[in-house]
Amino acid sequence: MEHAIEIQSLRKEYPGFTLKDVSFALPHGAIMGLIGPNGAGKTTVIKLILNIVRRTAGEVKVFGLDSIGDEEEVKSRTGFVLDETPFYGYLKVKGAASVIARFYKTWDEARFEKLCREFDLPRRKRVNALSRGMKMKLALAVALSHGAELILLDEPTSGLDPVFRRELLERLSGLIQDGRTSVLFSTHITSDLERVADYITCLRDGELVFSATRDEILENWAIVKGPPELLDGEAGTLFRSVSRGPYGFTALTADKDKAERFLAGQGAVIERLRLDDLVFFLGQEGRQREEAARE
Amino acid sequence: MLKILRLEYLFTRKQILIVLPMFSAYFAYMASQIDSPRVFIIATSLMVGLSMPLTILAREDKFKTASLVCSLPVRRSTVVLGKFAATWITIGIGLGYALLFTAVLPFAKVAVSEILSAKTLLISLFLVSLVFAVILPFTLRFGLTGIIILLVACQLLGIVVLLLTHFGGGARNPMRGLLRAIVGGLKTLLYHEPTAGFLLALLAAVVALIALSFLVGLALYGRRDL
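Note that this is a predicted model, so its numbers are computed, not measured.

Undergrad: Is there a simple way to think about the nonpolar core in this case?
TA: When a protein is soluble and globular, its nonpolar side chains tend to lie buried together. Residues and elements named next belong to chain A. One finds Ile49, Leu138, Ala143 and Leu152 to be the most contacted residues of the largest nonpolar core, which totals 123 residues. Counting contributing residues, this core receives three or more from each of domain 1 (3-214) and domain 2 (218-294). Excluding residues that lie within four positions of it along the chain, Leu138 makes contacts with Phe87, Val93, Leu121, Val127 and Leu130.

See below:
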């Protein structure tokens, strides 16, 4: 099956940070959430797909095309919202959009106007005078006005009020209904993903932790709480990101069924996981590893 | 490339209108003070060769829009080519304006007819290319901050060279030798007979400089992370 995005062993080396051979794929007509603690490499992945940072190694295919070799074709079919919303600030909203519009053969001015009205974007205001949320709305309106088949969003919901955030998520869900549009978005607000994402990819310290369907993750991962003696012996191998307290431990497990079988009748409690918890525990695990490496 | 040129046109036309009065005042003053066509052409070329490329090449860094432009459906090489072409167009306009303006100034000490010769224009082009050849790759790679550092470093280097020339002792001072060589080269450029061979060599040097600078700029911008 051809994917909207196929990433193979993608590597990017910066001084002090390396994105380490990340691989995942986003099927057509799906929404994928990119999660992970700060500095995990989420923005780097999006920038690598857009080819605004150069990869050290690996392969990025968008619609089956190479993101560097077929750069123009790939980008003409991709809409994007970057974290910094880099528009020419001294232009008015209408002017800023018209500068960009000329680069897309499929630009739909009527659609842009409609989105501006729906987003309450003041078209005669200078971009510099817009709030962060409004700039984000402008970037979204631009990204959605040229019939893009892939939408890349870097922290699109940050700076947006809860009402518009929900509207945006509904809009994204609506977009993929045609079966050809796909969405990849990074976010810290994991509740947004629980609402709309079909797939979730998690990064930590530049490494891929997992990339799977949301349902698989919520079914397989869980939080385990139990007495400290469970950590010794074979059961201990089921746990990740263990935090010990005076009366027991809390940990993450990636195999809920096995944990349930193994821990039955041993005083452990297995709780349903939320994506928020997952990011927290994986972040904690990363810090624990760093501390262990220092020691 | 036309899309990039159009983008540059949209942004540059306003800037040109803003800068035009200052530019005119500068050339009016220069034309009223300088009577040597050679000095005039050097000063004009350096001014145009420095200001025009900086205006266009550093815009994306100034407004932090490089990542926006490079996310649009356009190749990086096209972005560089577009900026390169736009810069040369504005250099042409800048030089043309400076010469025409000087021609119509009643108090200009230098006659435009003395400047409008194949040799003078080629020398002017050579000097502009020389400045642009340094600025293009440097600005593309290191951005606005980089070019400011380069200009400040050049000034500091000039001060150091002057100090070494004065306090380095005696006629055997290597700095003096270096300065004499530069002045000699410039004199040869300015006073050489405008033979066909000399003009062709100058033209070849201009083309080589432009091509080299463009290729280096292209390679550097291609590797830049935005």
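Undergrad: Looking at this model, I keep getting lost on the interface of chain A and chain B. Mind explaining?
TA: Often, the extent of an interface is quoted as the loss of accessible area upon association of its parts. With 20 residues of chain A in contact, the opposing surface of chain B contributes 18 residues. In the side of chain A that touches chain B, the residues fall into 12 nonpolar, two polar and six charged.

Undergrad: Help me understand the domain arrangement of chain A, please; the structure alone is not making it clear to me.
TA: All names here are of chain A. The assigned domain composition of chain A is domain 1 (3-214) and domain 2 (218-294). Between domain 1 and domain 2, the C-alpha centre-to-centre distance is 33 Å. Facing the 12 residues of domain 1 at the interface are seven residues of domain 2. At the level of secondary structure, the elements contributing two or more residues to the side of domain 1 that touches domain 2 comprise helix 7 (190-196) and strand 9 (199-204). By residue number, the principal contributor to the side of domain 1 that touches domain 2 is helix 7, which donates four residues. Its residues assigned to classes, the side of domain 1 that touches domain 2 comprises five nonpolar, three polar and four charged.

Undergrad: Quick question: what am I supposed to make of the sheet that holds strand 1 (residues 3-14) of chain A here?
TA: One key point about sheets: their strands pair by backbone hydrogen bonds, in either a parallel or an antiparallel sense. Residue and element names in this part refer to chain A. Spatial ordering of the open sheet is given by 2-1-4-5, a layout of four strands whose pairing is antiparallel. Two strands lie at the open edges of the sheet, namely strand 2 (17-27) and strand 5 (65-66), each paired on one side alone. Of the pairings in the sheet, the one linking strand 1 to strand 2 comprises eight bridges and is antiparallel in character. By the bridge assignment for strand 2, Glu13 is matched with Thr18. Along the sheet, helix 1 (residues 42-49) contacts strand 1, strand 2 and strand 4 (57-62); its crossing angle with strand 1, the most-contacted strand, is approximately 115°.

Undergrad: Sorry if this is basic, but what is going on with the pairing of strand 3 (residues 31-35) of chain A here?
TA: Regular strands place side chains that alternate from one sheet face to the opposite one. Residues and elements named next belong to chain A. A large share of strand 3 lies buried, amounting to five of its five residues. Burial along strand 3 is two-sided: the face carrying Ile31, Gly33 and Ile35 and the face carrying Met32 and Leu34 are both buried. Two elements, strand 3 and strand 8 (residues 182-186), share four bridges in a ladder whose sense is parallel. Bridge pairing in strand 8 links Gly33 to Phe185.

Undergrad: Help me understand the sheet that holds strand 14 (residues 269-272) of chain A in this model?
TA: Residue and element names in this part refer to chain A. Strand order in this open sheet of four strands is 12-13-11-14, and the pairing throughout is antiparallel. The strands lining the two open edges of the sheet, one partner per strand, are strand 12 (239-244) and strand 14. Neighbouring strand axes in the sheet, compared pairwise and without regard to direction, differ in orientation by 25° on average. Looking at chain direction, strand 12 and strand 13 (residues 249-253) are connected through four bridges and run antiparallel.

Undergrad: I tried to follow the environment of Val161 of chain B on my own but got confused; where do I start?
TA: Position of Val161 of chain B among the secondary structure elements: in helix 7 (residues 118-167). Along the primary structure Val161 of chain B and Arg176 of chain B are separated by 15 residues, whereas in three dimensions their C-alpha atoms are 8.9 Å apart.

Undergrad: Is there a simple way to think about the packing of helix 5 (residues 76-104) of chain B against helix 9 (residues 196-223) of chain B in this case?
TA: Residue and element names in this part refer to chain B. Where helix 5 meets helix 9, the closest approach of the two axes is 9 Å, and the angle between their N-to-C directions is 140°. One way to sum up the angle between helix 5 and helix 9 is to call them oblique. Considering how the two elements wind past one another, helix 5 and helix 9 form a crossing that is right-handed. Listed contacts from helix 9 to Arg76, Ser77, Val80 and Phe84 of helix 5 are Phe214, Gly217, Leu218, Tyr221 and Gly222.

Undergrad: Help me understand helix 7 of chain B, please; the structure alone is not making it clear to me.
TA: Three- or four-residue spacings in an α-helix give side chains the same orientation, since the helix completes a turn every 3.6 residues. Helix length check: helix 7 of chain B, at 50 residues, gives a terminal C-alpha distance of 41 Å against a target of 74 Å (1.5 Å per residue), a shortfall beyond 12%. At Gly143 of chain B, helix 7 of chain B shows its largest kink, close to 125°.

Undergrad: Looking at this structure, how should I read the packing of helix 2 (residues 37-57) of chain B against helix 7 of chain B?
TA: To describe two helices that pack against each other, one gives the angle between their axes and the distance between the axes. Residues and elements named next belong to chain B. Where helix 2 contacts helix 7, the axes come no closer than 8 Å and their chain directions differ by 30°. For the element pair helix 2 / helix 7, the angle class is roughly parallel. Note that helix 2 runs across helix 7; the crossing there is right-handed. On the side of helix 2, the interface is formed by Pro37, Ile41, Ile42, Thr44, Ser45, Leu46, Val48, Gly49, Leu50, Pro53, Leu54 and Leu57, while helix 7 contributes Thr120, Ile123, Ser124, Leu127, Val128, Val131, Phe132, Ile135, Leu136, Thr139, Leu140 and Ile147. Along the lines of polarity and charge, the residues of the contact of helix 2 with helix 7 split into 18 nonpolar, six polar and no charged.

Definitions and limits used
- Residues numbered from 1 in each chain as written.
- Chains lettered and ligands numbered in written order.
- Predicted model: local features only at pLDDT ≥ 70, side-chain atom pairs only at ≥ 80, totals over all residues.
- Core = buried A, V, L, I, M, F, W, Y, C linked by C-beta atoms within 7 Å.
- Buried ≥ 20, exposed ≤ 12 C-beta atoms within 10 Å, placed from the backbone.
- Domains from an automatic or database assignment.
- Contact = placed C-beta atoms within 7 Å.
- Nonpolar A, V, L, I, M, F, W, Y, C, P; charged D, E, K, R; others polar.
- Helix = DSSP H or I, 4+ residues; strand = E, 2+ residues; numbered from the N terminus.
- Pairing = 2+ DSSP bridges.
- Axes fitted to C-alpha atoms, helices over the stretch in contact; angles between N-to-C directions.
- Parallel < 35°, antiparallel > 145°, perpendicular 65-115°, else oblique.
- Left-handed = near helix turned anticlockwise from the far one by under 90°.
- Expected span 1.5 Å × (residues − 1).
- Bend = angle between axes of the 7 residues up to and from the residue.

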